[in-house]
Amino acid sequence: MARDEHNGFGDWGGYFEAKKSKLEEQFTAASDPFRKSNLFAGISIFVNGRTNPSADELKRIMMVHGGTYHHYERPHTTFTIATNVPDVKVRNMNLSKFISAQWVVDCLENEKILDYKPYLLYTNQKTSQPRLNFGKSKNDSNNDSKLEEPPLKKSDSNLDGILKELQQAVAASPEKEAKITNLSTTSNPSHNAMSAVDPGFLTEFYKNSRLHHIATLGAGFKQYVCELRQAQGSKGFPKRQDLKTLTKSTQIGSVRYVMHIDMDCFFVSVGLRSHPELRGLPVAVTHSKGGSAATDVPVHPQADREAELELFAQRFEHHLHDNIKADKVRSGFDKKMSLSEIASCSYEARKKGIRNGMFVGQALKMCPELKTIPYDFEGYKEVAFTLYNTVSQYTLNIEAVSCDEMFVELTDLVDDLKVDVMAFVGYLRQEVHAKTGCPCSAGVGSNKLLARMATKEAKPNGQYLLDHDQDLLAYMAPTPLESLPGVGSSMSYKLSQVGLSSCGDVQKITLEKLESVLGKKQAQTLYQNCQGVDTRPLNYEQQRKQVSAEANYGIRFSKPIEVENFLRQLGAEVTTRLIDAKRRTKSINLKVMVRAAEAPVETSKFMGHGVCDVINKSSILKHSTDDVNVITSHVLKLMREAHLPPNELRGIGIHLSKLEDVNVVRKENILKKMFVKITEKKKDQTTVEPQEVPATNSKPIPEETKVKPKEKTNVLSMLTAAAGRKSLNEDKVRNEPSRNYDFFGADESSLVSASAGQFDPDILAQLPDDIRREVLTFKEEYLRISENDETGRSPSKKLCTRIPSPPPLALAFSPSSSPLNESDLQPSTSKAAIARLEKRATRKEYELGCRPVEEVPCIEEPNFLLQLDYKNLLNEWVTKEEVPAPADVNLMHGQIYKLVKADKMSQIYDVMKYLCRLINSKRSNSCPWHMAYNHLESDIQKKMIELQGYNMHFTETIRCYKCVG
Ligand SMILES: Nc1ccn([C@H]2C[C@H](O)[C@@H](COP(=O)(O)OP(=O)(O)OP(=O)(O)O)O2)c(=O)n1
Ligand SMILES: [Mg+2]
């Protein structure tokens, strides 16, 4: 189906699939009245040929004991029951699933799920046949499990194997290091892509990145819900008929019910479908193989693991105030423990203290019997899809949160059907379990916050109603603040600094006090949340706000051209994602992770990023685009401006934000803008040729709108050039990006010539395809229209907007070339200056009514930082001044000082946040600005301690790896 192909779920579409699903559903429904136990819950069988017991008997056993009988073999069928299978069939089958019917009989007899391996039909395979992969070395004595893992996907096993081989080679012999560098930098087709210089690297990286899969699935389901809602129309929900038999509601009056539903230890539950014998044991999903592979990891001889991890821990502690992460990192010091993370662990593992996100090495120390199972990304997708489809049969008031989690507004459904809300929730959970073989939990409350809180009570495999007449204040009181929505490590640190760590603590203080710590908006939300109030509506049709592509593994370059090639690939990747999301961007951000000066060159995690400084640089576009060439050109320009040595890069990401809907792009406006430009050009040619267009510009024009000096050309050639570029753009962006944008290492103005030329590709690029085609086909006609449109306007005025290409961009700032020194940027300590400050403070006191009027010699001008347009002022200041003038810095200190005295904390937060962002984005190379900001910040802290007795916590920091340690 077209839609399925579009959203990446094509495999599941089609009549046949629907039929198979239907049969499964019928089986589940028919089983219910006969069910005696859940012995085979989550297990599905398919019977191939004659068996003893017969297929019919096996089917009945499944019905009575909670299993599922598949009429067709499906990818998620747990076992195929057979007596023997002809060799010719065997060749194409996954033999790790073929077991004898005796297994079912024995499980029944023993009343527990037995290890299936003794019942496997095919263990002595021919070499041509697929083999079971034991996934661990023979001499691995640490782990007594003889668990056989299903065959790894070819690519996974290759990558794992090569990585391990390399790591071992390094560990064994330092002199082999050169060989490794070679291996990692040459494109050897027999090896999977090892580092970012390999052409196939990105594909390989994303195939194995769990975070990439989670993010893609999460975004995919948000889009999927939108599509389901759009396709729904007025069709209604026939499945609601089935709910008529449910217990009726006894509720009088209308109550709001929000449900939060979340799969239990999702990755583990999906994995256990093919490892039923591990149910009830501590199990974790991770890339690491467990056993000695996780506790004795080979380490690069030049890596200083302890130094690196201590640096990490310190950064978590001091910069992010995240002690949990710091402890986690420190726990990895021990021996040579695997730094592979546990993506998900079973509740039995959680009882031993293991948590999602923990390092495998650390987890194995706590629980040596922990079993590890590999990822199954296809399985997660399939189960998640079933979860969403099951819920959407009853309602589409769904807010997708992630692949295993959603909010559902149940108020209408409960009102319409008059069913008891928890009876419905139980019914739904059972249906999800039966269809997927995976348990889920659900919480219900009168808003999203309470529903999520209720899920925590319900887990695992349960449900909980946080009743509306419960004492919410008492219920919320012990909840730690960091578990509330929107409270991250930095905010919780800020709150802990003033003695607030639980909802109960906040319930005891006034809103005003909280506002002084967090600012108005955040304080109000947090204050309400602490009382169990949450006014957020459910967001059914979530539009993408950001699209990104990032790689922080395998980033090792030695030459600029390698960086350029990689950026082109990443640019193409992110643009594809943007197009798939049907969005266009107006803001392009390049995020670069650079090895921290104090970090060892070799990272302890092979090809990992190690301890890094993060540099962000952005381009804001005048018009939105989804053109790979425009996006890539900006990315290359940003990278060039950052002046970073290729060998120090450890991670690169492109983030596109300020997204617009493709359909929102307004035809008339864009056309008009575009043809105004073209007509201007045409007129320029007739009026000013052969001379260059004058460079008179009355006001600064944003970088991306600047146009190169006019070349001798005509409109037709411009359109032809655009048409050429268009055909490039129309081939989906996976194609090799145009070399026209190859300005990496070339002179700075080439971007302008490449992207603007005699045309504005930004504008052309943002045209919807149909309009672009129309423009190019009927160019003459459009030109006539636009010329007529322009009649009566002053040509000279239009000429004013034409400016020459910009001078080469400023080179990296060298502190020694600054006209200022550090002391220039501090507020003056002269007597006169102090007197001035005191005078101003006195005036402030007058304003606040603390002093008698007669003591005030004159009325002072209002504090500009309290005016509505203070952002404009700051913007102008930072934009105009390459280096801040000491007098201005002084003034700023004075104004901020007044805010501290007037207790305007939230305003100080806003001002500082905005100023810091401005400096980071506009003056990333100007260390005098950085120093000015940092002095301002430390001055505020001094004043805060002096006057208020505590420090403020500023979330934004200057990101300069040259002047900030
Ligand atoms: N940082 C993260 C967060 C999540 N996941 C994956 C593994 C989880 O199984 C799945 C769902 O995340 P949950 O937070 O819902 O965790 P679980 O489902 O594992 O456990 P719970 O029962 O607590 O929901 O996403 C991950 O790999 N890494
Ligand atoms: Mg979950």
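Residues numbered from 1 in each chain as written. Chains lettered and ligands numbered in written order. Predicted model: local features only at pLDDT ≥ 70, side-chain atom pairs only at ≥ 80, totals over all residues. Heavy atoms only, no water.

This part is about the sheet that holds strand E3 (residues 79-82). Taking strand neighbours across the sheet as the criterion, the 4 strands line up as E2-E1-E3-E4 in an open arrangement whose pairing is parallel. At either end of the open sheet lies a strand with only one pairing partner, and these are strand E2 (68-70) and strand E4 (98-99). (Pairing = 2+ DSSP bridges. Helix = DSSP H or I, 4+ residues; strand = E, 2+ residues; numbered from the N terminus.)

Position of glutamate 641 relative to the elements: it lies in helix H26 (residues 628-642). Through-space distance from the C-alpha of glutamate 641 to that of serine 924 is 9.6 Å; in sequence the pair is 283 residues apart.

Most of strand E9 (residues 398-402) is tucked away: 4 of the 5 residues are buried. Pairing between E9 and strand E10 (residues 405-409): 4 bridges, direction antiparallel. Note that in E10 the partner of alanine 400 across the bridge is methionine 406. The antiparallel hairpin formed by E9 and E10 contains 2 residues in its connecting segment. (Buried < 20%, exposed > 50% of the residue type's maximum accessible area, 1.4 Å probe, protein only.)

With that out of the way, let us pick up the UniProt feature "binding site: Mg(2+)" (unreviewed entry) in the chain. Here the UniProt-annotated "binding site: Mg(2+)" (unreviewed entry) positions come out as Asp262, Asp404 and Glu405. Spanning 144 residues, the named residues form one tight spatial group whose C-alpha atoms are at most 5.6 Å apart. Along the polypeptide, aspartate 262 turns up in strand E5 (residues 258-263). Not counting residues up to four positions away in its chain, the partners in contact with aspartate 262 are Asp404, Glu405, Cys440, Ser441, Thr455 and Lys459. As for its placement among the helices and strands, aspartate 404 is situated in the loop between E9 and E10. On the basis of relative accessible area, aspartate 404 is assigned to the buried category, the value being 12%. (UniProt positions renumbered as here; feature names shortened; annotations may be inferred. Contact = heavy atoms within 4.5 Å.)

Turning our eyes to something else, we now look at the pattern of salt bridges. Counting across every chain of the model gives 27 salt bridges. The closest approach of N and O atoms between glutamate 369 and lysine 352, which form a salt bridge, is 3.1 Å. Taken together, the positions of glutamate 369 in the loop between helix H15 (360-366) and strand E8 (371-373) and lysine 352 in the loop between helix H14 (347-351) and H15 put the pair 17 residues apart, joining distant regions of the chain. Judged by its relative accessible area of 32%, glutamate 369 is partly exposed. Across the pair glutamate 562 and lysine 559 runs a salt bridge, and its minimum N-O distance is 3.7 Å. For glutamate 562, a relative accessible area of 15% corresponds to the buried category. Taken together, the shared-partner salt bridges connect Lys239, Asp242, Glu431 and Lys435 into one network. (Salt bridge = Lys/Arg side-chain N within 4 Å of Asp/Glu carboxyl O.)

Ligation of the magnesium ion (ligand 2) by protein atoms is provided by Asp262 (OD), Met263 (O) and Asp404 (OD), these donors lying 2.0 to 2.3 Å from the ion. The motif formed by the donor residues of the magnesium ion (ligand 2), counted along the single chain, is D-M-x140-D. Taken individually, aspartate 262 and methionine 263 each receive the classification buried, so the pair is uniform in this respect. (Donors = N, O, S within 2.8 Å, 3.2 Å for Na, K, Ca; no water.)

Here the focus is the sheet that holds E8. Read from one edge to the other, the open sheet built from 3 strands follows the order E7-E6-E8, with strand pairing classed as mixed. Of all strands in the sheet, those with a lone pairing partner are strand E7 (344-345) and E8, marking the two edges.

A separate point is the nonpolar core. Phe221, Met259, Phe266, Tyr380, Leu410 and Phe424 are the most contacted members of the largest nonpolar core, which totals 56 residues. Among the elements that line this core, the one with the most residues is helix H16 (residues 377-391), at 8 residues. Apart from residues lying up to four places away in sequence, tyrosine 380 is in contact with Leu217, Phe266, Phe267, Val270, Val285, Pro374 and Tyr375. Residues Ile555, Leu570, Ala581 and Ile654 belong to the second largest nonpolar core, which totals 37 residues. (Core = buried A, V, L, I, M, F, W, Y, C linked by side-chain atoms within 4.5 Å.)

Let us now look at the state of the cysteines. For the structure shown, the criterion picks out 0 disulfides. You can see cysteine 367 has no disulfide; the closest cysteine sulfur is in cysteine 345, sitting 9.6 Å from it. (Disulfide = S-S within 2.5 Å.)

Near ligand 1, the surroundings consist of 15 residues, among which Arg210, Cys265, Phe266, Ser344 and Tyr347 are the closest. Between ligand 1 and the protein, one listed contact pairs an oxygen atom with a side-chain N or O atom of tyrosine 347 at 2.6 Å. In isolation ligand 1 exposes 550 Å². Once the protein is present, 73% of that is buried. Taken together, the residues of the shell around ligand 1 break down into 7 nonpolar, 2 polar and 6 charged. (Near = heavy atom within 4 Å. Polar contact = N/O pair within 3.5 Å; in protein donor to acceptor, adjacent residues only side chain to side chain. Areas by Shrake-Rupley, 256 points an atom, 1.4 Å probe, with all protein chains shown as cover. Nonpolar A, V, L, I, M, F, W, Y, C, P; charged D, E, K, R; others polar.)

The description of two helices packed together rests on the angle between their axes and the distance between the axes. At a minimum axis separation of 6 Å, helix H23 (residues 511-518) and helix H37 (residues 905-922) run at an interaxial angle of 20°. Put simply, H23 runs roughly parallel to H37. Taken as a pair, H23 and H37 cross one another with a handedness that is left-handed. Taken together, the residues of H37 that come into contact with H23 (itself represented by Glu515, Ser516, Val517 and Leu518) are Met905, Ser906 and Tyr909. (Axes fitted to C-alpha atoms, helices over the stretch in contact; angles between N-to-C directions. Parallel < 35°, antiparallel > 145°, perpendicular 65-115°, else oblique. Left-handed = near helix turned anticlockwise from the far one by under 90°.)

This part takes up helix H24 (residues 520-530). The α-helix winds at 3.6 residues per turn, so residues separated by three or four positions along the chain end up facing the same way. Among the residues of H24, Ala523, Leu526, Tyr527, Asn529 and Cys530 are the ones counted as buried. One side of H24 carries all its buried residues, which in axial view fall inside an arc of 165°. Among the exposed residues of H24, those pointing more than 90 degrees away from its buried face are Lys520 and Lys521. On its buried face, H24 is in contact with helix H19 (448-458), helix H20 (472-476), helix H21 (489-497), helix H22 (503-507) and H23. One or two positions beyond H24, positive phi appears at glycine 532, with a value near 85°. (Arc of directions from axis to C-beta.)

Moving on to the pairing of strand E16 (residues 649-661). Both faces of the sheet carry side chains from a regular strand, because those side chains alternate between them. A large share of E16 lies buried, amounting to 10 of its 13 residues. As defined by bridge partners, strand E14 (residues 583-595) adjoins E16 across 11 bridges and the pair is classed as antiparallel. Along E16, the bridge assignment pairs isoleucine 588 with leucine 656.

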